[in-house]
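One-letter residues, chain by chain:
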Amino acid sequence: MIIEEITVTAFQQHTRIVGCEKTKLAICIDPGDEAERISEALDKHELKLQAITLTHAHMDHVGGVAALKQLRPNAEVIIHPADEPLYLALPEQPAWIGIPRSRWVALGFDYSAPPQIDKYWTDGETYSVGELTFKVIHCPGHTPGHVVLFEAQERKVFVGDCLFAGSIGRTDLPGGSSEQLMDSLLNKIVPLGDDVEVHSGHGPVTTIGHERLTNPFLTGAYTLGRGF
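Notes on the structure follow. (Residues numbered from 1 in each chain as written. Predicted model: local features only at pLDDT ≥ 70, side-chain atom pairs only at ≥ 80, totals over all residues. Heavy atoms only, no water.)

One finds Ile-17, Ile-52, Leu-54 and Tyr-87 to be the most contacted residues of the largest nonpolar core, which totals 30 residues. Elements represented by at least two residues in this core include exactly strand E1 (2-8), strand E3 (25-29), helix H1 (35-44), strand E4 (48-53), helix H2 (59-62), helix H3 (65-71), strand E5 (76-79) and helix H4 (84-88). Counting residues per element, this core draws most heavily on H1, at four residues. Aside from chain neighbours lying at most four places away, what touches Leu-54 is Asp-30, Pro-31, His-61, Val-62, Val-65, Val-77, Ile-78, Ile-79, Tyr-87, Trp-121 and Val-147. Of all hydrophobic cores here, the second largest spans 20 residues; its members include Val-148, Val-157, Ile-189 and Ile-208. (Core = buried A, V, L, I, M, F, W, Y, C linked by side-chain atoms within 4.5 Å. Buried < 20%, exposed > 50% of the residue type's maximum accessible area, 1.4 Å probe, protein only. Helix = DSSP H or I, 4+ residues; strand = E, 2+ residues; numbered from the N terminus. Contact = heavy atoms within 4.5 Å.)

This is the structure:
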């Protein structure tokens, strides 16, 4: 498995290119911005972009979809249907976190309408990228249609903003649910196994085992309030 991490936006969001070493097919998980850098990274590894795969539709994870689709028009855009309303609302999302409209252009948040969705995730489906096989797990809570992508052979899971090293995703934005997020974490992500490497949308790589033993939201030391 090839993993190229590109950190973008003021939110320090991790966009990732994940590719199959043998077939050179790849996906881009959550292109938040800087589509040209993403395209250059694909070329560096001689990868063909099969799909733009979205864990969820917050602006720091989908803000670069339109530009990347223009550069790689054959790549399909994939998202869970429950996050489609958030995805389509991209141009208005900066207002949700209190950014004055007068500052949107200066901050790079003057988003155009996002491109058409080509495919919808289904909970439990398997999605192949060359010899890589991802299980798609619907994990609502941070957003209604949040998914994680788990590659069992590689023992890696791409969790978007569900789980971070030492913290968990916020639930105070439209469609968030503390109860759903905790259910997703405890009943869908933690059972994947302590050895599984966790690639989050923000912050360092960790493991499920480390978080299970030390993350205050998983140990019960803190009650769920506001994460990242």
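Right, let's get into the pairing of strand E13 (residues 197-200). Where strand E10 (residues 156-160) meets E13, four bridges bridge the pair, whose relative direction is parallel. Residue pairing in the sheet places Phe-158 in a bridge with His-199 of E13. Examined bridge by bridge, E13 and strand E14 (residues 206-207) share two bridges and lie antiparallel to one another. When the bridges of E14 are listed, Val-198 appears paired with Thr-206. Where E13 folds back onto E14 in an antiparallel hairpin, the turn is made up of five residues, including Gly-203, whose phi is positive at roughly 85°. (Pairing = 2+ DSSP bridges.)

On to the side chain of Ser-39. Following the sequence through the fold, Ser-39 ends up in helix H1. Assessed through its relative accessible area of 12%, Ser-39 is described here as buried.

Turning our attention to helix H7 (residues 178-189). The terminal C-alpha atoms of H7 lie 15 Å apart, and with twelve residues this matches the ideal 16 Å at 1.5 Å per residue to within 8%. The complete set of buried residues in H7 reads Leu-181, Met-182, Ser-184, Leu-185 and Ile-189. An end-on view of H7 places all buried positions within 155° of arc, on one side of the element. Seen from the open side of H7, the exposed residues pointing more than 90 degrees away from its buried face are Glu-179 and Asn-187. (Expected span 1.5 Å × (residues − 1). Arc of directions from axis to C-beta.)

Most of E10 sits inside the fold, with five of its five residues counted as buried. Every second residue of E10 is oriented toward a common face, with Lys-156, Phe-158 and Gly-160 on one face and Val-157 and Val-159 on the other, all of them buried. As paired strands, strand E9 (residues 147-151) and E10 are joined by three bridges and run antiparallel to one another. Looking at E10, one finds that Phe-150 is bridged to Val-157. The hairpin turn running from E9 into E10, its antiparallel successor, is four residues long, and Arg-155 in that turn takes a positive phi close to 60°.

For the structure shown, the criterion picks out zero disulfides. The thiol of Cys-20 is unpaired, and the distance to the nearest cysteine sulfur, on Cys-28, comes to 17 Å. Left unpaired, Cys-139 is separated from the closest cysteine sulfur, that of Cys-162, by 5.0 Å. We classify Cys-139 as buried; its relative accessible area is 0%. (Disulfide = S-S within 2.5 Å.)

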